[in-house]
Every structure is written in structure tokens, then in C-alpha cells.
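# Structural features, examined
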Amino acid sequence: MQNHHLKEHLYKILVIGDLGVGKTSIIKRYVHQNFSPNYRATIGVDFALKVLNLDQETVRLQLWDIAGQERFGNMTRVYYREAMGAFIVFDVTRPSTFEAVTKWKEDLDAKLSLSNGKHVAAVLLANKCDQGRDVLTNNGIKMEQFCQENGFVGWFETSAKENINIDEAAHCLVKHIIANENDLLQSEVADTISPQQESSRGGTCSACFRS
Ligand code: GTP
Ligand code: MG
């Protein structure tokens, strides 16, 4: 296949969630195929680029690794701008990080939406599943229901350490981003057609009406 036949996409993706849940580790595993057990808190935001070669198109994911402590800062509105999708991460061994998921989701939806007013695609990651699944089993949380109620398109148990489900989660997010983008393109087409339809129906222009 020749290069000019390939479609190219660039998507900004946010990775958010409480301190130490494994956001940086998930990105490191996904982009650089490695893992470190040492914790160094992210300050502000870090960036990474992942290039996916799908059958007909190249997809570049610009991953925004946002420090957990930023939920209490004033910068998230700036960081979220123009993103097309998000991973919200919690640590399956720490219930408080799961409780924070709804707060992160609310913050995201309050500050960011697509041009058609819909929320951006968000996937929930239950990380450190190599360490057990206490939060998931003890509380009897129905994850499917939780996702529906909180507007997640899906959820995955992940491990940055053991490389579990990270590619699958990214694939799910990208699939939904592409679907949203197609919706947006279609509504743009509809917008450019409708004024003509209106004039052919003899619709009045409110601006002319006033004068
Ligand atoms: P902030 O930057 O402070 O918001 O934290 P973060 O969410 O980026 O967490 P980070 O990736 O730095 O990981 C925190 C700690 O958890 C590190 O010691 C990691 O090695 C460890 N960790 C991350 N993911 C996993 C995992 O899947 N399994 C295990 N066992 N440990 C993990
Ligand atoms: Mg980090």
C-alpha cells in the first residue's frame, strides 16, 4: 500500500486519576514496553506519543500524563482542552482511589466536551490487578452498572507490571474516539446543508426580520 492512501489521525488522550494509581507506569508500559517498581510522582503533566498502525490508517496518540495532585489545582481545565478521550485510573488495592473516580469524571465532564456537546470517550482502568482485586470483590461493585451510570464506554482490569489489558483498553478507547469523530464530521455536513434547506422552504432570517 502506498503512503498517500493512508489516513492519519492525531488524538489527544488524557490519563487521570489519584496519586500513585499507576498512570505513568501504564503509559511507560504502553509506549516503552517497560516497568519500574520505583515511584516518582509526576509534577504537573508529562507527555508521550504512541503510534498505532491500523489496517488503513495511522493513529498517533498524544498521551497527557497528568499528576494525581492536579485534581486539587487549577490547571486541569487547561490540560483537558481539545482532548478526544480519557483513561481514568484507580488502584484496585486502594478503595479511596476508586471513590475519586467519580470526582475525576465530574471534573472532566464539567470542563471538556466535544463540539456537539457530548462527553469525550472515557475508559476506566482498574490498575494493579496483579496485586489482587480487593476493591472490585469486597465492595461487590457492579462495574458494568458503574460504567453506565458514570458515562464510561468500558472498563478493564490492568497491570502495568504484568502488561495486562493495556493494549486492549487503548484499542477500546481509540475505537470510540473514531466513532465520535465520525459523528462530528456528519453533524458538520448537516450544519452546512441545513441553511440551504431553510431558504428553499422560505424560512425567514431572524436578523432580517428585526430590521
Ligand atoms: P502520580 O504521578 O503521583 O499521579 O502517580 P501515577 O499514577 O503516575 O503512579 P505511578 O505510575 O508513578 O505508579 C505508582 C507506584 O505504583 C509505582 O511504584 C509503580 O511501580 C507502582 N505500580 C504502577 N502500576 C502498577 C501495577 O500494575 N502493578 C504493581 N504491582 N505496581 C504498579
Ligand atoms: Mg505519574
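Remember, it's a predicted structure, so these values are computed and weren't measured experimentally.

### Notes on the pattern of salt bridges
- Scanning the entire structure with this criterion turns up six salt bridges.
- Residues D91 and R94 are paired through a salt bridge, measuring 3.1 Å at the closest nitrogen-oxygen approach.
- Residue classification places D91 among the buried positions, given a relative accessible area of 2%.
- Between K105 and D109 there is a salt bridge, with its nearest N and O atoms 2.7 Å apart. Taken together, the residues span about one helical turn, with K105 and D109 both in helix 3 (residues 95-111) at a distance of four residues. As far as the burial class goes, K105 and D109 line up, both buried.
- Connected through shared salt-bridge partners, D91, R94 and K128 make up one network.

### So, the coordination of the magnesium ion (ligand 2)
- Taken together, the protein donors to the magnesium ion (ligand 2) comprise T24 (OG1) and T42 (OG1), at separations of 2.0 Å. Residue T24 is found in helix 1 (residues 23-32), and its partner T42 is found in the loop between helix 1 and strand 2 (45-53); the two are separated by 18 residues along the sequence.

### Some words on unusual backbone geometry
- One non-glycine residue, K128, adopts positive backbone phi at about 70°.
- A relative accessible area of 23% places K128 in the partly exposed class.
- Located in the positive-phi region is N163, a residue other than glycine, with phi close to 55°.
- By the secondary structure assignment, N163 is in the loop between strand 6 (154-157) and helix 6 (166-200).
- Overall, the relative accessible area of 40% leaves N163 in the partly exposed class.

### Examining the packing of aromatic side chains
- On inspection of all chains with the given rule, the structure shows four aromatic pairs.
- Taking the centre distance of 4.8 Å and the plane angle of 45° together, the rings of F98 and F146 count as tilted. Residue F98 is located in helix 3, and its partner F146 is located in helix 5 (residues 143-150); the two are separated by 48 residues in the primary sequence.
- Within the aromatic cluster, the residues linked to one another by ring pairs are F90, F98, F146 and F152.
- Looking at K50, its charged tip hangs above the ring of Y30, at a distance of 4.5 Å from the centre.
- In this arrangement the basic side chain of K105 is found over the ring face of F152, its NZ or CZ atom lying 5.6 Å from the centre.

### Some words on helix 1
- Those residues of helix 1 that fall on the buried side of the exposure criterion are K23, I26, I27, R29, Y30 and V31.
- Once helix 1 finishes, Q33 follows within two positions and takes phi at roughly 55°, a positive value.

### Here's the deal with the site of ligand 1
- Taken together, 24 residues are adjacent to ligand 1, and K23, S25, Y39, G68 and D130 come closest.
- Between an oxygen atom of ligand 1 and a side-chain N or O atom of K23, the distance comes to 2.7 Å.
- Within the side chain of Y39, one N or O atom sits 2.5 Å away from an oxygen atom of ligand 1.
- For ligand 1, whose accessible area on its own is 660 Å², the fraction buried by protein is 93%.
- Broken down by element, the residue count for the shell around ligand 1 peaks at three residues, all from helix 1.
- Residues of the shell around ligand 1, tallied by class, amount to eight nonpolar, eleven polar and five charged.

The rules we used
- Residues numbered from 1 in each chain as written.
- Chains lettered and ligands numbered in written order.
- Predicted model: local features only at pLDDT ≥ 70, side-chain atom pairs only at ≥ 80, totals over all residues.
- Heavy atoms only, no water.
- Salt bridge = Lys/Arg side-chain N within 4 Å of Asp/Glu carboxyl O.
- Buried < 20%, exposed > 50% of the residue type's maximum accessible area, 1.4 Å probe, protein only.
- Helix = DSSP H or I, 4+ residues; strand = E, 2+ residues; numbered from the N terminus.
- Donors = N, O, S within 2.8 Å, 3.2 Å for Na, K, Ca; no water.
- Phe/Tyr/Trp six-rings, centres within 6.5 Å; stacked < 30°, edge-to-face > 60°.
- Lys NZ or Arg CZ within 6 Å of the ring centre and 35° of its normal.
- Near = heavy atom within 4 Å.
- Polar contact = N/O pair within 3.5 Å; in protein donor to acceptor, adjacent residues only side chain to side chain.
- Areas by Shrake-Rupley, 256 points an atom, 1.4 Å probe, with all protein chains shown as cover.
- Nonpolar A, V, L, I, M, F, W, Y, C, P; charged D, E, K, R; others polar.

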